[in-house]
Amino acid sequence: QVQLVESGGGLVQAGGSLRLSCAASGRTFSSYAMGWFRQAPGKEREFVAGINWSGGSTYYADSVKGRFTISRDNAKNTVYLQMNSLKPEDTAVYYCAANMGRFPQVRVGASYNDWGQGTQVTVSS
């Protein structure tokens, strides 16, 4: 089992930037993929970005491609989500998650094994 703690959320104006961090503990961090998901009020949870164990492969939802960047520092057991050009529709609770699968389906929330508690991101217009 992996323990995940997100940080970095907050209130920002449209066009601004935030960087989310997710610190992991409990298993060798470099052995599993990581993902970021979000859930807005009244909406289903949706995939935002994913990254493989080494950081060599990254995946993005079309809605954030070109604006968000996922990265990881295996020495610090941390995954990041750099969010630029934020829009009001990016407002949501953001969750990081760990995927232990041998061939992880990074876009599929149900394939993840452990989740953080979430951090609120609010983008004002």
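Here we summarise the structure given alongside this text. (Residues numbered from 1 in each chain as written. Predicted model: local features only at pLDDT ≥ 70, side-chain atom pairs only at ≥ 80, totals over all residues. Heavy atoms only, no water.)

1. With respect to the overall build of the chain
When its secondary structure is counted, the chain shows zero helices and eleven strands. The N-to-C order of helical and strand elements in the chain reads β-β-β-β-β-β-β-β-β-β-β. A compact globule built from 125 residues should have a C-alpha radius of gyration of about 14 Å, and the chain, at 13 Å, falls within 12% of that. Taking the principal axes of its C-alpha atoms as reference, the chain extends roughly 40 × 25 × 25 Å. The buried share of the chain, reckoned over its 125 residues, is 45%. When contacts within the chain are restricted to residue pairs at least 6 apart in sequence, those whose partners lie at least 24 apart make up 57%. Accessible area for the chain stands at about 6,300 Å²; split by element, carbon and sulfur atoms hold 46% of it. Taking the average place of the 12 positive charges on the side chains of the chain and the average place of its 8 negative ones, the gap between the two points comes to 5 Å. (Helix = DSSP H or I, 4+ residues; strand = E, 2+ residues; numbered from the N terminus. Rg over C-alpha atoms; globule rule 2.2 N^0.38 Å. Buried < 20%, exposed > 50% of the residue type's maximum accessible area, 1.4 Å probe, protein only. Contact = heavy atoms within 4.5 Å. Areas by Shrake-Rupley, 256 points an atom, 1.4 Å probe, with all protein chains shown as cover. Lys, Arg positive; Asp, Glu negative; His and termini not counted. Charge placed at Lys NZ, Arg CZ, Asp CG, Glu CD.)

2. Here we look at the sheet that holds strand β1 (residues 3-7)
For sheets, the rule is that strands pair by backbone hydrogen bonds, running either parallel or antiparallel. Spatially, β1-β3-β8-β7 is the arrangement adopted by the four strands of the open sheet, whose pairing is antiparallel. Two strands bound the open sheet, and with one partner strand each, they are β1 and β7 (68-73). If you compare each strand with its neighbour and ignore which way they point, the axes differ by 15 degrees on average. Of the strand pairs in this sheet, strand β3 (residues 18-25) and strand β8 (residues 78-83) are connected by six bridges, and their pairing is antiparallel. What sits directly across from Cys-22, in β8, is Val-79. (Pairing = 2+ DSSP bridges. Axes fitted to C-alpha atoms, helices over the stretch in contact; angles between N-to-C directions.)

3. As for the pattern of salt bridges
A full pass over the atoms with the stated rule returns four salt bridges. Salt-bridge contacts for Arg-38 lead to Asp-90; the nearest nitrogen and oxygen are separated by 2.9 Å. Taken together, the positions of Arg-38 in strand β4 (residues 33-39) and Asp-90 in the loop between β8 and β9 (92-99) put the pair 52 residues apart, joining distant regions of the chain. A single salt-bridge network, built from bridges that share partners, covers Arg-38, Glu-46, Arg-67 and Asp-90. (Salt bridge = Lys/Arg side-chain N within 4 Å of Asp/Glu carboxyl O.)

4. Some remarks on the side chain of Thr-78
By the secondary structure assignment, Thr-78 is in strand β8. Discounting chain neighbours no more than four positions away, the residues touching Thr-78 are Ser-21, Cys-22, Ala-23, Phe-29, Ser-71, Arg-72 and Asp-73.

5. Quick look at the pairing of β9
Summarising burial for β9: seven of the eight residues are buried, a large majority. Pairing analysis gives seven bridges linking β4 to β9, with the strands arranged antiparallel. Across the sheet, the residue bridging to Ala-33 is Asn-99, located in β9. In the sheet, β9 pairs with strand β11 (residues 119-124) via three bridges, with the strands oriented antiparallel. Its bridge partner being in β11, Tyr-94 is matched across the sheet by Thr-119.

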